[in-house]
Amino acid sequence: MKLWLQCPRQVNRRDSILGKRDKLLIKILSGTQDNNIPFDETCNLLAHFGFENRIKGSHHIFYRDNVERILNLQPKDGKVKAYQVKQVRKAIIELKKGGFNG
């Protein structure tokens, strides 16, 4: 995200600079595409942010020190459910407020 803010070009330039993880983070934080967030990429993003993952059946449970909420994600047609995306967004914001710079 920081690269996009420093880039003097328009939106098409942003797409070429940002990686998949950054694009996904923008989608999640923007809140405009909660029904269209890929499940596997979201799991990878949470792992990047230092969340531990425990799997029980179809439930992927993510937890981390310094974040009070526990995230319980379930795939639906390869995507994260919309209400769970909102929970992920709140957890990432909470983590960022705590000073995480990943």
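Residues numbered from 1 in each chain as written. Predicted model: local features only at pLDDT ≥ 70, side-chain atom pairs only at ≥ 80, totals over all residues. Heavy atoms only, no water.

(A) Main features of the overall build of the protein chain. A tally of regular secondary structure across the protein chain gives five helices and five strands. Secondary structure of the protein chain in N-to-C order comes out as α-α-α-α-β-β-β-β-β-α. Split into buried and exposed, the 102 residues of the protein chain put 31% on the buried side. (Helix = DSSP H or I, 4+ residues; strand = E, 2+ residues; numbered from the N terminus. Buried < 20%, exposed > 50% of the residue type's maximum accessible area, 1.4 Å probe, protein only.)

(B) Inspection of helix α5 (residues 82–97) at higher detail. With 16 residues, α5 should cover 22 Å at 1.5 Å per step; its first-to-last C-alpha distance of 23 Å lies within 8% of that length. Restricting attention to buried positions, one finds in α5 the residues Gln 84, Val 85, Val 88, Arg 89, Ala 91, Ile 92 and Leu 95. Along the axis of α5, the buried positions cluster into a sector of 165°, meaning they face one direction only. (Expected span 1.5 Å × (residues − 1). Arc of directions from axis to C-beta.)

(C) View of the nonpolar core. Grouped together as the largest cluster of nonpolar side chains are 21 residues, with contacts concentrated most on Ile 28, Phe 49 and Phe 51. Listed by contribution, the elements that provide at least two residues to this core are α3 (20–30), α4 (39–48), β3 (67–73) and α5. Once you skip the residues sitting within four places of it in the chain, Phe 51 turns out to touch Leu 46, Phe 62, Tyr 63, Arg 64, Val 67, Leu 71, Ala 91 and Leu 95. (Core = buried A, V, L, I, M, F, W, Y, C linked by side-chain atoms within 4.5 Å. Contact = heavy atoms within 4.5 Å.)

(D) Local environment of the sheet that holds strand β2 (residues 59–64). One open sheet holds the three strands; their spatial order is β1-β2-β3, and the pairing between them is antiparallel. If you trace the sheet from one side to the other, it starts and ends with β1 (52–56) and β3, each paired once. Looking at each pair of strands side by side, their axes are set apart by 20° on average, direction ignored. Bridge analysis of β1 against β2 gives five bridges, and the strand direction is antiparallel. Residue pairing in the sheet places Arg 54 in a bridge with Ile 61 of β2. Along the sheet, α5 makes contact with β2 and β3, crossing β3 at roughly 155°. (Pairing = 2+ DSSP bridges. Axes fitted to C-alpha atoms, helices over the stretch in contact; angles between N-to-C directions.)

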